[in-house]
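Here are the chains, one letter per residue:
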Amino acid sequence: MRPQSSKGFAERRSLFVRASSDRMVLGVAGGLSRQYGVDAYLIRIGLLLLTLTGGLGVILYLACWVLSSAATENDVVAPVKPQLASARSLAAIAATGALLFAARNVGLWPGDALMLSAVVVASGSALVWYRSRDDSDVTDPLERVLEGRATPLRALAGGALAFAGVVALAARGVKLEQLPAALAAVAMALAGAAVLIGPYVGRLTAHVRDEERERIRDVERNAMAAQLHDSVLQTLALMQRATDDPRRMLLLARRQERELRSWLYDNKSGVAIGTLSVRAEQIAAEVELDHGLPIDLVVVGDAELTAATEALLLAVREATVNAAKHSDADQVSIYLEVEPHVVTAFVRDKGVGFEPGAVGSDRRGIALSIRDRVERAGGRALVESGPGRGTEWEMMVPR
Amino acid sequence: MSKIRVLVVDDHALFRSGVRAEIGDVVEIVGDVGTVEAAVDEIRKTKPDVVLLDVHLPNGGGVAILESLADSMPDTKCLALSVSDAAEDVIAIIRAGARGYVTKTITHDELLDAIRRVHAGDAVFSPRLAGFVLDAFASTKPVTTDPDLDRLTQREQEVLRLIARGYTYKEVAGRIHLSVKTVETHVSSVLRKLQLSNRHELTAWATDRRLL
């Protein structure tokens, strides 16, 4: 990626811009990284190594600071996303190596063994900590390091290198009998580090947990909003247009109530789909919707659907539709009871009724078809009616 | 005869004013409140004959009100009113002491009838409540030392079935050749069993029912 901040370079007469967003000390490494597309951690490690060789790193760092300028509001400070092994990074490594070599030749050198160990340990730590590049919107450097994904390969390689460094240190002169003391010192150093960054890690995990919880809440809120929008708001809109038709308003409200209730209660509790009671609810809702008549359904017990109970439910549906079409009643009551060996159904309206004995009437034809259906399923159906007395069907099939 | 004094407890102001408008000229509405705390205070202050109680209220619902008034207001009867007909809500509020349960879709004549009935000390069973009770007593086995409380008599079952089928008390009476008074006695007896039976299966049934 081409660094954005180079635009202001000519006017400002500075090598690069330092931003507060990726600052660890003065922002020099971050600025260099952005200007030249080299990872900031690579630069920091190089500077650290050069510092160990008698202070060359500090001098370079201060020089770069003088040659750079702080970011102003106009600068677009885009975080850099260098390639893992870009040519620039390799160049930075080579430059560091060359400087180290030069330092060694002019005598700024604490000793081969110490420097070698330091290089190995530093590379090991860098490899373990090295941040994967997929999400770089986190700008806090320590957070970036801690949030870097520790892939098994990286952890293994880094761990091996760090171990090699420790072994090199030990081989440099730590006697076997001094090993416990040396290990204790290492442990203390690690404990110190843990104390230093522990709270930070704790805050981070809490932060992540909170975000996760917030996300789940958001998902649920969105699901509910979608449901309410699709159902309740639509119905309310329809009802506003139906103010002159109370019956239609009532129906819309009833349908909505059913829908919302089944969404609220059934989905969550995982009611078995396809049992007798669920199917009966569906049938009642369908007829209510199609014919605009409130239907009061009561189910006692429940059972799996069989061919016989399916037939019974279809007969119930026919009887209910029949009542809705012809009875002029305000509502229809359906009662279903599941007993150990039989399922009984009652469909009742308080409407105009009919004469069961009369031949040729429309309702009689339907009555025959209801009875037929139930009898074919091995059950029986009785109808009780009379002009002005309402109608009640009693049907029963074996389970 | 003086008008029945009614308190309406529901957290929806719209519903409260609706009830007021619908039945306010037949009964005396002594107040309407929307919270559990206000309801308890108002009931102690106005001593209504009948409380129309919403099952679902913030901070505990109708059950919380019934529990905090349990012994102190023997003359105040409660009629539960709800859009929810989940079995557990209905059984819980009846066991907490409500004298009946009707859904909010009830017509205004039926509601007045239910209020009168509850005021007179009878029980009000909607078809759905009757269905729940039949289901509960059929699907749990009697295990306690008081089998009378754990079982419905043949007659009681018969009455409940008819109510569940959509029969009014009067129609039930006509159908099985009893007086309306006798039907009311049977229903009240069922209510007593529902409230006093200490089978915890009854509560378990209500809770499980949604998971069937």
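Novice: Now, about the packing of aromatic side chains: what can you tell me, with residues and values included?
Specialist: By the definition in use, this model includes one aromatic pair over all chains. Ring centres of Tyr335 of chain A and Phe346 of chain A lie 6.2 Å apart, and the angle between their planes is 35°; on these two criteria the pair is classed as tilted. With Tyr335 of chain A in strand β4 (residues 332–338) and Phe346 of chain A in strand β5 (residues 342–349), the pair connects residues that are 11 residues apart, well separated along the chain. Across the pair, exposure class does not vary: Tyr335 of chain A and Phe346 of chain A are buried alike. The side chain of Arg348 of chain A reaches across the aromatic face of Tyr167 of chain B, ending 3.6 Å from its centre. Over the face of the ring belonging to Phe346 of chain A we find Arg165 of chain B, whose NZ or CZ atom lies 3.4 Å from the ring centre.

Novice: Could you give an account of the pairing of strand β2 (residues 28–33) of chain B, with specific residues and numbers?
Specialist: All names here are of chain B. Here five bridges tie strand β1 (residues 5–9) to β2, and the two strands are oriented parallel to one another. By the bridge assignment for β2, Val8 is matched with Asp32. A crossover links β1 with its parallel partner β2, the connecting element being helix α1 (residues 13–23), and its sense is right-handed.

Novice: Provide a residue-level description of the pairing of strand β4 (residues 77–82) of chain B, including the pertinent values.
Specialist: Residue and element names in this part refer to chain B. Of all the six residues making up β4, five are buried; the element is thus mostly covered by neighbouring parts of the structure. Since strand β3 (residues 50–54) and β4 lie parallel, the crossover through helix α3 (residues 61–69) that links them has a hand, and here it is right-handed. Direction of pairing for β4 relative to strand β5 (residues 100–103): parallel, over a ladder of three bridges. Note on β5: the bridge partner recorded for Ala80 is Tyr101.

Novice: How would you explain unusual backbone geometry if you had to name every residue and give the values?
Specialist: Residues and elements named next belong to chain B. Positive phi, close to 45°, is recorded for Lys47, a residue that is not glycine. Here Lys47 is to be found in the loop between α2 (36–46) and β3. Residues other than glycine seldom take positive phi values, yet His177 does so here, at roughly 55°. Counting through the fold element by element, His177 comes out in the loop between α9 (169–175) and α10 (180–196). Under the relative-accessibility criterion, His177 is labelled exposed at 70%.

Novice: Before we move on, can you summarise the packing of helix α2 (residues 28–36) of chain A against helix α4 (residues 56–67) of chain A with the specific residues and values?
Specialist: Pairs of packed helices are described in terms of their axes, by the angle between the two and the distance that separates them. Residue and element names in this part refer to chain A. Running from N to C, α2 and α4 point in directions that differ by 70°, and their axes come no closer than 10 Å. In this view, α2 runs roughly perpendicular relative to α4, as classed from their interaxial angle. For the element pair α2 and α4, the recorded crossing hand is left-handed. Packed against α2, whose contacting residues are Val28, Ala29 and Leu32, the element α4 presents Tyr61, Cys64 and Trp65 at the interface. Taken together, the residues of the contact of α2 with α4 sort by class into six nonpolar, no polar and no charged.

About the thresholds
- Residues numbered from 1 in each chain as written.
- Chains lettered and ligands numbered in written order.
- Predicted model: local features only at pLDDT ≥ 70, side-chain atom pairs only at ≥ 80, totals over all residues.
- Heavy atoms only, no water.
- Phe/Tyr/Trp six-rings, centres within 6.5 Å; stacked < 30°, edge-to-face > 60°.
- Helix = DSSP H or I, 4+ residues; strand = E, 2+ residues; numbered from the N terminus.
- Buried < 20%, exposed > 50% of the residue type's maximum accessible area, 1.4 Å probe, protein only.
- Lys NZ or Arg CZ within 6 Å of the ring centre and 35° of its normal.
- Pairing = 2+ DSSP bridges.
- Right-handed = clockwise from strand over helix to strand, strands pointing away.
- Axes fitted to C-alpha atoms, helices over the stretch in contact; angles between N-to-C directions.
- Parallel < 35°, antiparallel > 145°, perpendicular 65-115°, else oblique.
- Left-handed = near helix turned anticlockwise from the far one by under 90°.
- Contact = heavy atoms within 4.5 Å.
- Nonpolar A, V, L, I, M, F, W, Y, C, P; charged D, E, K, R; others polar.

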